[in-house]
Amino acid sequence: MEQVIEHLLNAERLLGQLEQHQAKKHVRNGIKEWLLASRSIVDSVIDALEDEPGTPSARKIKISDECEDSLKGKDRR
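In this report, the structure presented in the accompanying data block is examined.

Cut-offs used in this document
- Residues numbered from 1 in each chain as written.
- Predicted model: local features only at pLDDT ≥ 70, side-chain atom pairs only at ≥ 80, totals over all residues.
- Heavy atoms only, no water.
- Helix = DSSP H or I, 4+ residues; strand = E, 2+ residues; numbered from the N terminus.
- Buried < 20%, exposed > 50% of the residue type's maximum accessible area, 1.4 Å probe, protein only.
- Areas by Shrake-Rupley, 256 points an atom, 1.4 Å probe, with all protein chains shown as cover.
- Patch = residues over 30% accessible without salt bridge, like charges linked within 9 Å, V, L, I, M, F, W, Y side chains within 5 Å.
- Salt bridge = Lys/Arg side-chain N within 4 Å of Asp/Glu carboxyl O.
- Lys, Arg positive; Asp, Glu negative; His and termini not counted.
- Charge placed at Lys NZ, Arg CZ, Asp CG, Glu CD.

### A few points about the overall build of the chain
Scanning the chain from terminus to terminus reveals two helices and zero strands. When each of the 77 residues of the chain is scored for burial, the buried share is 1%. Per element, the accessible surface of the chain, about 8,000 Å² overall, is 57% carbon and sulfur.

Take a look at the structure:
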């Protein structure tokens, strides 16, 4: 009877260790997958930013004297 109990305890310990290692393996694989997904997202954002046309910037528009007078109500014609 003691041997049966000892074998059962050994089997229980072995199963417990197997469960523990599997959990560690699953967590490690999950973290790897998360890191790879994060890297893919970062790469996609970088690609999108690089493909984006230059941001609009303010430019000084030179208006000729004639157009300027016309805007002020002083038509030279």
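### With respect to a negative patch on the surface
Residues Asp43, Asp47, Glu50 and Asp51 make up a contiguous surface patch of negative charge. Assessed through its relative accessible area of 37%, Asp43 is described here as partly exposed.

### Observations regarding a nonpolar patch on the surface
On the surface, a cluster of nonpolar side chains totalling about 430 Å² of accessible area is made up of Val27, Ile31, Trp34 and Leu35. Mapped onto the secondary structure, Leu35 falls in helix α1 (residues 2–51).

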